[in-house]
2 protein chains.
Amino acid sequence: MINYKIVQEELGNIKQITEEEKIKKLSQDYYYFSPILSEKLADKTGDLVVQPTSEDEVLHIAKICVKHQIPITIRGAGTGNYGQCIPLNGGIILDMTEMNKIQWIKSGIARVEAGVKMSILEREANKQGWELRMIPSTYKIATLGGFIGGGSGGIGSINYGQLRDRGNVHKVKVVTLEKEPRIIELIGDETQQINHAYGTNGIITEIEIPLAPAYNWSDFIVVFDDFMNAVKFGQVLSDSDGIIKKLVSIHAYPIPNYFLALKPYLPQGKSCAFLTIADNSFLPLQELVKEFRGEITYNPQDKQEKPLQLIEFTWNHTTFHARNIDPNLTYLQTFFWNLEQVEKMYKHFGDEVMIHLEFLRVGGKAIPAGLQLVKFTSEKRLNEIIKYHEDNGANIANPHTYILEDGGRKKVEPEQLKFKRMVDPFGLMNQGKMRAWNQ
Amino acid sequence: MINYKIVQEELGNIKQITEEEKIKKLSQDYYYFSPILSEKLADKTGDLVVQPTSEDEVLHIAKICVKHQIPITIRGAGTGNYGQCIPLNGGIILDMTEMNKIQWIKSGIARVEAGVKMSILEREANKQGWELRMIPSTYKIATLGGFIGGGSGGIGSINYGQLRDRGNVHKVKVVTLEKEPRIIELIGDETQQINHAYGTNGIITEIEIPLAPAYNWSDFIVVFDDFMNAVKFGQVLSDSDGIIKKLVSIHAYPIPNYFLALKPYLPQGKSCAFLTIADNSFLPLQELVKEFRGEITYNPQDKQEKPLQLIEFTWNHTTFHARNIDPNLTYLQTFFWNLEQVEKMYKHFGDEVMIHLEFLRVGGKAIPAGLQLVKFTSEKRLNEIIKYHEDNGANIANPHTYILEDGGRKKVEPEQLKFKRMVDPFGLMNQGKMRAWNQ
């Protein structure tokens, strides 16, 4: 038994949260998007939340965790969807949001503390003509450290691929949970050891990332009578090297019905595309829309209306809005490798699996990634749906598991396991999440 | 017979060049890269060069050409390689280099007169944080109008594709040679009518193009023991969405021997890559080089040396430098659709066809385009070489013809022919170059 009274004393001036309700809240994420995870994770909570403001404090916390063998679970803003930051065995919740300093931005590179909000970093980068290469739809509150630990890509991935792609994360500073905790820096490819590792192998304290040149972007809504026409439009737009975009988000009817706030722009019965386009590419965009018989229903250039934040209706915000209307909905994450796979699933499942696509680059090629909305009936049926996708060559990154390897990559990452053996020899970090370690 | 005395009088104050030697010089381009064209075009020359400084003057010249039925051939800096701007039937040479005003640059779009030098436009765009999306290796003197009329892509095409790709040319103003010449503006897709049409269908006077955000770029030389390793490196670099580049130029040994000025950086026996990389991507570049067992021999970050202008050793400057050493060399232009095709040609032809590749995007995918150096023996053998490539699935854009359709696209562009019927009903423009018109 851990004596938290002693722990709290040893933490000294480090900010602590002890109220049960607050701890409960800070132990959760958006796991409830999944009825499977909902059942498994609803009662999980930490014992104590600590909020360090400096690397020294993190190091001190690490030492205390090792000394008392306390499980430790790291969180940013808790905007993940797979229980990445939910503690399975109680212990300390390390809330990183107070470690949010921007150390410097220069020559298109930013060095920041891990808890910085992506929206704040974006604002500072903008002042120098830069922006983040990719952001999740939750970027207003999400932290950069949380994105690297638990995310994979987002708005901008149509240009820069995913976080795992070489060059998108330059350096990461990590506090270890060794017998004598210390600070180490991972450079370049070494950062793969902690990339999307759910904080199972080191506490990320500092990050150096390359930025993207900032365009003046505008959001457009385009509607289509025929869904597959919208999909083809999305692919061609993604492949159009002369049209600068940041977001190509395609939604099969009836998904648009879930976007109540956008109702004036979404005619009944039509599928839609949400796009973010550079202001020097409006002309060719209009021609492409025409070619695919789409109709632009929201054009920020033409109207006096307040610009819409379309980003917040895409990626997993789509799931969020849909579930607000129908809590029985859940979702999938899918790599479709061609449009034929999309069409086949569309025809096969009908409205049981409503197709939502986000185009992104994988190895230099734009593909449609699915974040389909699924009408949930049972775990058995959900698994049948997943199997049918996989049998047809689409890869599912299962969002209904909190086990690292059972989600996206489907396999043990030997370098992440090896790194965990070094930096977390007692297995204190995010217990139960890395299958390779458990075994 | 055209009475040029009357013509000259009617031209009034418009600048004219009448010295035979100067006219001869201003009637040529780099056609002599091809021994085939060399034979066919060596004696071709215009009768009079005119250098308008305004649209009004162009319109006046057009009227005179129509009135006297004078053949007219438009040129920028004459940096093409296929005789694009060489007059087959004499007549007026319209030198556009004095029409070089930059009208405006704003929001990542530039509006300029057609005769502006690309290097001057680049310098002005840089002041606002922008640069040209793509430039030829001749950009220091080449004009934007000449590039659009006779070029196709270049440094930057690895990001933005080619000029023909939707979105890379926004608007073009054209003076017609109708019975009553007039000025018309082509917008968006309409610009395809004059894109790479060798000035056969309208005099381009003004151009509106979108720009690219300017990075701080640096040029690197990387050498490889094995050519195919260099090629694979080039493909992976091109496909690495997280590494920002502008030029991926690969040269099989012994091509590096022709680059005398770069000798210190090019060890005997090695193939090389010339790269232009954004300064926030040096770190991942180094890791990629290591993965492919390359060696960086020129790194502007490490050395005190004056920066090299590697651009001027790539694209058709490669051909230029090689021919300076061995005038018996000529070249090909090839779309390889995969690395297997490259390897097959490499093994089959050996040093007879030395492989030089420039990676560029075609429809969203990076491919290696060949500008191979060929040891010329006979036209028959050259055609055999071309046929062998085509039989193996590589597409040759034949640089040994001045006929528009026999070069890159291999087919009549109906919209270009239709447009010519409208704007040049008397067939005065660049006579003999558009096969569809000739027939």
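Residues numbered from 1 in each chain as written. Chains lettered and ligands numbered in written order. Predicted model: local features only at pLDDT ≥ 70, side-chain atom pairs only at ≥ 80, totals over all residues. Heavy atoms only, no water.

A few words on helix 12 (residues 379-391) of chain A. All names here are of chain A. The end-to-end C-alpha distance of helix 12 is 18 Å, a good match for the 18 Å that 13 residues give at a rise of 1.5 Å each. Among all positions of helix 12, only Leu382, Ile385, Ile386 and His389 are buried. The arc enclosing the buried residues of helix 12, seen along the axis, measures out at 95 degrees, which places them on a common side. Facing away from the buried side of helix 12 by over 90 degrees, the exposed positions are Lys380 and Asp391. Trailing helix 12 by a residue or two, glycine 393 shows a phi angle of about 90 degrees, which is positive. (Helix = DSSP H or I, 4+ residues; strand = E, 2+ residues; numbered from the N terminus. Expected span 1.5 Å × (residues − 1). Buried < 20%, exposed > 50% of the residue type's maximum accessible area, 1.4 Å probe, protein only. Arc of directions from axis to C-beta.)

All names here are of chain A. When we look at burial in helix 11 (residues 339-349), the residues that qualify are Leu339, Gln341, Val342, Met345 and Phe349. End-on, the buried residues of helix 11 take up no more than an arc of 155 degrees, which puts them together on one face. In helix 11, the exposed positions angled more than 90 degrees off the buried face are occupied by Glu340 and Lys347.

Turning our eyes to something else, we now look at the pattern of salt bridges. All names here are of chain A. The full count for this structure, using the stated rule, is 50 salt bridges over all chains. Across the pair arginine 111 and glutamate 206 runs a salt bridge, and its minimum N-O distance is 2.7 Å. A residue pair is termed long-range when its members are at least 10 positions apart, and arginine 111 in strand 6 (residues 109-113) and glutamate 206 in strand 10 (residues 203-213) qualify at 95 residues. Each member of the pair, arginine 111 as well as glutamate 206, is classed as buried. Among the ionic pairs, glutamate 384 bridges to lysine 380, the shortest N-O distance being 3.3 Å. Here the residue glutamate 384 and the residue lysine 380 both occupy positions in helix 12, the gap between them amounting to 4 residues, near one helical turn. By sharing partners, the salt bridges in this structure join Glu55, Arg111, Lys171, Lys173, Glu185, Glu206 and Glu208 into a single network. (Salt bridge = Lys/Arg side-chain N within 4 Å of Asp/Glu carboxyl O.)

Turning our attention to the sheet that holds strand 1 (residues 15-17) of chain A. The strands that make up a sheet are held in pairs by hydrogen bonds between backbone atoms, and each pair lies either parallel or antiparallel. Residues and elements named next belong to chain A. Across the sheet, which stays open at both edges, the 4 strands sit in the order 1-2-4-3 with mixed pairing between neighbours. The open sheet terminates on both sides in strands that have one partner only, identified here as strand 1 and strand 3 (72-75). Sheet twist, expressed as the mean angle between neighbouring strand axes with direction ignored, is 25 degrees. Here strand 1 runs beside strand 2 (residues 48-51); their pairing, made up of 3 bridges, is antiparallel. Residue lysine 15 lies in a different strand from strand 2, and its bridge partner there is glutamine 51. Packing against the sheet, helix 1 (residues 4-11) makes contact with strand 1, strand 2 and strand 4 (92-95), and its axis sits at approximately 5 degrees to strand 2. (Pairing = 2+ DSSP bridges. Axes fitted to C-alpha atoms, helices over the stretch in contact; angles between N-to-C directions. Contact = heavy atoms within 4.5 Å.)

This part covers the interface of chain A and chain B. Facing 37 residues of chain A, the contacting portion of chain B comprises 37 residues. Carbon and sulfur atoms make up 50% of the area that chain A and chain B hide from each other, which totals about 2900 Å². Counting the surface chain A buries against chain B, the share from its top three residues, Arg166(A), Asp241(A) and Asn280(A), is 24%. Seen at the junction of chain A and chain B, the total is 2 salt bridges. Across the salt bridge formed by Arg166(B) and Glu291(A), the nearest N and O atoms sit 2.8 Å from each other. Between the two partners, chain A and chain B, sit 17 residue pairs in polar contact (both at pLDDT 80 or more). Put simply, the parts of the chain that give the side of chain A that touches chain B at least two residues each are helix 7 (157-160), strand 10, helix 9 (282-291) and strand 18 (356-362) of chain A. At 5 residues, the largest contribution of residues to the side of chain A that touches chain B is made by helix 9 of chain A. In terms of residue class, the side of chain A that touches chain B is built from 15 nonpolar, 13 polar and 9 charged. (Buried area = accessible area lost by both parts, 1.4 Å probe. Polar contact = N/O pair within 3.5 Å; in protein donor to acceptor, adjacent residues only side chain to side chain. Nonpolar A, V, L, I, M, F, W, Y, C, P; charged D, E, K, R; others polar.)

All names here are of chain A. As enumerated under the stated definition, the model contains 34 aromatic pairs over all chains in all. With a centroid separation of 5.4 Å and 85 degrees between ring planes, the pair formed by phenylalanine 349 and tyrosine 388 is classed as edge-to-face. Linking phenylalanine 349 in helix 11 with tyrosine 388 in helix 12, this pair joins segments that are 39 residues apart in sequence. Among the residues examined, phenylalanine 349 registers a relative accessible area of 7% and is labelled buried. Accessibility expressed as a relative area gives 25% for tyrosine 388, which makes it partly exposed. The structure contains a cluster of three or more aromatic residues connected by ring pairs, namely Tyr30, Tyr31, Tyr32, Phe33, Phe320 and Tyr331. (Phe/Tyr/Trp six-rings, centres within 6.5 Å; stacked < 30°, edge-to-face > 60°.)

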